[in-house]
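Architecture and fold: a report
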Amino acid sequence: MAQAVVPAMQCQVGARGRSAVPARQPAGRVWGVRRTARAASGFKVLALGPETTGVIQRMQQLLDMDTTPFTDKIIAEYIWVGGSGIDLRSKSRTISKPVEDPSELPKWNYDGSSTGQAPGEDSEVILYPQAIFKDPFRGGNNILVICDTYTPQGEPIPTNKRHMASQIFSDPKVTAQVPWFGIEQEYTLMQRDVNWPLGWPVGGYPGPQGPYYCAVGSDKSFGRDISDAHYKACLYAGIEISGTNGEVMPGQWEYQVGPSVGIDAGDHIWASRYILERITEQAGVVLTLDPKPMQGDWNGAGCHTNYSTLSMREDGGFDVIKKAILNLSLRHDLHIAAYGEGNERRLTGLHETDSISDFSWGVANRGCSIRVGRETEAKGKGYLEDRRPASNMDPYTVTALLAETTILWEPTLEAEALAAKKLALKV
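Residues numbered from 1 in each chain as written. Predicted model: local features only at pLDDT ≥ 70, side-chain atom pairs only at ≥ 80, totals over all residues. Heavy atoms only, no water.

Tallying each qualifying case throughout the model produces 10 aromatic pairs. Taking 5.9 Å as the distance between ring centres and 80° as the angle between the ring planes, the aromatic pair formed by Phe169 and Phe181 counts as edge-to-face. On the criterion of sequence distance, the pair formed by Phe169 in helix H2 (residues 161-169) and Phe181 in strand S9 (residues 180-191) is long-range, its members being 12 residues apart. Look at Phe169 and you get buried, because its relative accessible area is 9%. Taken together, a centroid distance of 5.2 Å and an interplanar angle of 25° make the contact between Phe181 and Tyr307 stacked. With a gap of 126 residues between them, Phe181 in strand S9 and Tyr307 in strand S14 (residues 305-308) connect regions that are remote in the sequence. Each member of the pair Phe181 and Tyr307 is classed as buried. Geometry around Tyr236 places Lys134 over its ring, the cationic atom sitting 4.8 Å from the centre. In this arrangement the basic side chain of Arg313 is found over the ring face of Trp180, its NZ or CZ atom lying 3.7 Å from the centre. (Phe/Tyr/Trp six-rings, centres within 6.5 Å; stacked < 30°, edge-to-face > 60°. Helix = DSSP H or I, 4+ residues; strand = E, 2+ residues; numbered from the N terminus. Buried < 20%, exposed > 50% of the residue type's maximum accessible area, 1.4 Å probe, protein only. Lys NZ or Arg CZ within 6 Å of the ring centre and 35° of its normal.)

With that settled, consider the nonpolar core. Ile239, Ile275 and Leu384 are the most contacted members of the largest nonpolar core, which has 67 residues in total. The element best represented in this core is helix H5 (residues 264-283), accounting for 9 residues. Counting contributing residues per domain, this core is built from domain 1 (62-159) and domain 2 (170-423), each supplying no fewer than three. Beyond its immediate sequence surroundings of up to four residues, Ile239 is in contact with Phe133, Cys234, Val257, His268, Ala271, Ser272 and Ile275. Ala76, Ile95, Cys147 and Ile157 belong to the second-largest nonpolar core, a separate cluster that totals 16 residues. (Core = buried A, V, L, I, M, F, W, Y, C linked by side-chain atoms within 4.5 Å. Domains from an automatic or database assignment. Contact = heavy atoms within 4.5 Å.)

Pairing between side chains of opposite charge can happen when their charged atoms approach one another. Tallied over the full model, the rule gives 16 salt bridges. When the shortest N-O distance is used, the salt bridge between Asp193 and Arg192 registers 3.8 Å. For Glu375, the salt bridge is made with Lys379, and the minimal N-O distance between the two is 2.9 Å. Of this pair, Glu375 and Lys379 are both found in helix H9 (residues 374-379), 4 residues apart, which corresponds to roughly one turn of the helix. The pair formed by Glu375 and Lys379 is uniform in burial state, with each residue classed as exposed. The network of salt bridges with shared partners includes Glu77, Asp135 and Arg138. (Salt bridge = Lys/Arg side-chain N within 4 Å of Asp/Glu carboxyl O.)

On to the confidence of the model for the protein, then. Chain-level statistics for the protein give a pLDDT mean of 89 and a share of 87% at 70 or above. In the predicted structure, residues 1-45 sits below a pLDDT of 50 and forms 112 contacts with residues beyond four places in sequence or in another chain. (pLDDT = per-residue confidence, 0-100.)

Here is the structure:
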């Protein structure tokens, strides 16, 4: 028998077939395996005996096969958010020809009773295709399809946060402001069988924080191949990924997506999370978006959201940013409630956070709720960074709420005056 896993964490991801380049053979770590064979895709098949070699080679050939010369049909991987609001689900279907727009794709359905999204006696949930990305795992003309979820009657189900966000982003006042988002997705890699961060001694702890942020070296950087594979896969897919780096806690990483406009920010974050889940699946490593995976003197994991409107980016924009900060202060509790589960374990006032119960802002201050960069202050225009969202936040909810609070919502003059005095803001 054979197992299909990638414990060496040397994931080569990208289009395959005629344009593919052979992957370098890793000298990486392989645990409890006598023989390995490696496909160009980075999908590694582990054999437990010599009798399986031919079977493995044939399976690898099928995995690497480019079907484009033989058929117009493509594989579409329909992806949606499951019942927990953070878990991703997907299934595949054949489409008769390549497509360029989600409107060309059929709706589909799934058993919502098996995802915690519908009762067993009325379990059908309908998938509406909303965004298309190139499939970095299958290559060719195959696609990943971000979907949202509805009842058979066409009503969005409770976990469909995209529907609400699309209503806000289609409001003419919001559209006119062309809202930009740059989202910093932090995540932690865990050893699969022991639920302990990658690179940490099992049941023990590494040295204190300090050497690990943006670090280089096998004693300080753990999981770089996963981060790099994810980076390239996102670029191939068409996701607006803009960078990546190792984080303060060992075994923790971050990547940035944006600038993205409006609803695209949520689509691109969910697609990037799906790709990351698939790569860690291949690597035999567990991905967690828990905002505080390790208690103690260790940084948590956030999803800092950089945000600007057209008015903020134009001359005089700093005054618009200050008005937005004032509005955000008055709806602090509403935002915190929507910014991710378990965030109270992260927003303690320590480890580059403000307390979850407090609201503050500052220039270049990473201990504030809202940070404004030095360049924005100097130029008098730019963007703000909301540092409150947790790593497991829903990007549709967070981006839509930022737009609603700063563009559509207006406080009373009395509330505005009191908040401005408290925050020392002149608006």
